[in-house]
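Chains, contacts and geometry: an overview
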Amino acid sequence: MTATATTIALDIGGTYIKGGVAGPDGILRHTERWFTGADRGPDAVLETVIAAAAQLVREHRPSAAGIAAPGIVDELAGVSVLAANLGWRHLPVRGWLTDELGLPVALGHDVRAGGLAEARLGAGRGSRNFLFVPVGTGIAAAHMVDGYAQIGSHSRAGELGHLVVRPGGEACPCGGRGCLETIASAAAIARHYAHATGETDATAKDVGERAAAGDPAAATVWREAIEALADGLAAAITLLDPERIVIGGGLARAGEPYFAPLRAAVAERLSFQTMPQIVPAELGHQAGCQGAALLAHDLLDEDGTAAP
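This write-up is about the structure you can find in this document. (Residues numbered from 1 in each chain as written. Predicted model: local features only at pLDDT ≥ 70, side-chain atom pairs only at ≥ 80, totals over all residues. Heavy atoms only, no water.)

A few words now on the pairing of strand β3 (residues 28–35). Bridge analysis of strand β2 (residues 16–22) against β3 gives seven bridges, and the strand direction is antiparallel. Bridging from a neighbouring strand, Lys18 pairs with Arg33 of β3. Linking two consecutive strands that pair antiparallel, namely β2 and β3, is a turn of five residues; a positive phi of about 85° is found at Gly26 within it. (Pairing = 2+ DSSP bridges. Helix = DSSP H or I, 4+ residues; strand = E, 2+ residues; numbered from the N terminus.)

Structure follows, in structure tokens:
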């Protein structure tokens, strides 16, 4: 890698900051991670982000940087509007990092960055119109059209996890009730199984395996999660008519015991709509960081130097 062709990327999560270095093609070549330290407060998180980025700059002499952040992100203004898990509100992240690093910086939403990576390098390749839906601690979506994520009029597009699928149901931290992620997220699956059995250390993966093995409580929780996700996806299909839905996050690794009933449940809910392909994501936990690298790569001219 030459210095002028290298970009760095950071994907800021609630527990870890994932960092990477990309070559002239924008593809990650090297990755590492740091603890986010969100419990130390929002200023400490920002200091950790700046320190991690500065370390990568010293070691790899990049020409641009890309940052993927959670929550509500205004990519055009370069501002983290709200990242509740980090304690960030209206932080001009792009401007501060540009000043600290002396480099052009691209700021993106973590899920939309992941969608960009899947569009160019993963399970979204060849599709002009698809949904990237990571199912993890929460649920979100990126609506990818011609390779780019739709951000909405107020930078809030894609909050699929807060679509109400069970009116009057469980309270959600967003203030609503019966939101999709209170039922179908990995965190919700583990929580509901714990409530049903008293077993607090089972993960969503464990619940899926136990459901397949015939555990009645696990089977009920697993089925309810899949049916709720099918309700949410059916609504998204009706509104957006995607040709493909790419499921990411930890549950994407559950394989056919997850995807087969999910496809069947979605198909049952459709009438005039066209059933899209529903496939697992290909880039796993690196999707956000890889997307941030691509955002940084897009800031460069063809010769690998920062565009004026």
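Sheet strands pair via backbone hydrogen bonds, and the direction of the pair is either parallel or antiparallel. Taken in spatial order, the three strands line up as β5-β6-β7 in an open sheet, and their pairing is antiparallel. On the outer flanks of this sheet lie β5 (72–74) and β7 (88–91), each paired with one strand and no other. Within the sheet, the average angular offset between the axes of one strand and its neighbour, ignoring direction, is 15°. (Axes fitted to C-alpha atoms, helices over the stretch in contact; angles between N-to-C directions.)

For the rest of this paragraph, the subject is the environment of Val164. Tracing the chain through its elements places Val164 in the loop between β11 (148–149) and α4 (181–184). Of the residues examined, Val164 reaches a relative accessible area of 44% and is grouped as partly exposed. Along the chain, Val164 and Glu282 lie 118 residues apart, while their C-alpha atoms are 28 Å from each other. Ignoring anything within four residues of it in the chain, the contact list for Val164 reads Arg177, Gly178 and Cys179. (Buried < 20%, exposed > 50% of the residue type's maximum accessible area, 1.4 Å probe, protein only. Contact = heavy atoms within 4.5 Å.)

The next thing to look at is the packing of helix α3 (residues 110–121) against helix α9 (residues 287–297). Their axes nearest at 7 Å, the elements α3 and α9 cross at an angle of 80°. Between α3 and α9, the interaxial angle falls into the category roughly perpendicular. Within the contact between the two elements, α3 uses Asp110, Ala113, Gly114, Leu116, Ala117, Glu118, Arg120 and Leu121 and α9 uses Ala287, Gly288, Gln290, Gly291, Ala292, Leu294 and Leu295. For the contact of α3 with α9, the per-class residue count stands at eight nonpolar, four polar and three charged. (Parallel < 35°, antiparallel > 145°, perpendicular 65-115°, else oblique. Nonpolar A, V, L, I, M, F, W, Y, C, P; charged D, E, K, R; others polar.)

Let us look at the packing of aromatic side chains. What the rule picks out here adds up to three aromatic pairs. On the numbers, 5.7 Å between centres and 90° between planes, the contact of Tyr258 with Phe259 is edge-to-face. There is no split in this pair, since Tyr258 and Phe259 are both buried. Linked through ring pairs, Trp222, Tyr258 and Phe259 together constitute an aromatic cluster. (Phe/Tyr/Trp six-rings, centres within 6.5 Å; stacked < 30°, edge-to-face > 60°.)

So, about helix α7 (residues 216–240). Every α-helix carries 3.6 residues per turn, so stepping three or four residues along brings you back to the same face. With 25 residues, α7 should cover 36 Å at 1.5 Å per step; its first-to-last C-alpha distance of 36 Å lies within 8% of that length. Near the N-terminus of α7, the side chain that reaches the backbone nitrogen of Ala217, with its oxygen 3.0 Å away, is that of Asp215. A positive phi of about 55° marks Asp241, the residue just after α7. (Expected span 1.5 Å × (residues − 1). Polar contact = N/O pair within 3.5 Å; in protein donor to acceptor, adjacent residues only side chain to side chain.)

A separate point is the pattern of salt bridges. Summed over the entire model, instances satisfying the criterion amount to 11 salt bridges. Between Glu199 and Arg210 there is a salt bridge, with the nearest N and O atoms lying 2.9 Å from each other. Of this pair, Glu199 sits in the loop between α5 (186–197) and α6 (204–212) while Arg210 sits in helix α6, and the two are 11 residues apart along the sequence. Given the relative accessible area of 28%, Glu199 is considered partly exposed. A relative accessible area of 26% places Arg210 in the partly exposed class. Arg263 is the salt-bridge partner of Glu256, the closest N and O atoms lying 3.1 Å from each other. Judged by its relative accessible area of 45%, Glu256 falls in the partly exposed class. If you follow the salt bridges from partner to partner, you end up with Arg166, Asp231 and Arg269 in one network. (Salt bridge = Lys/Arg side-chain N within 4 Å of Asp/Glu carboxyl O.)

Here Gln55 shows up in helix α1 (residues 42–60). As for Gln55 and Leu82, which are separated by 27 residues in sequence, their C-alpha atoms are 26 Å apart. Excluding anything up to four places from it in sequence, Gln55 contacts Glu32 and Trp34.

Let us now look at the sheet that holds β2. The sheet built from five strands is open, its strands ordered β3-β2-β1-β4-β8 with mixed pairing. The strands lining the two open edges of the sheet, one partner per strand, are β3 and β8 (105–109). Looking at each pair of strands side by side, their axes are set apart by 20° on average, direction ignored. Strand direction decides the pairing type here: strand β4 (residues 64–69) and β8, joined by five bridges, are parallel.

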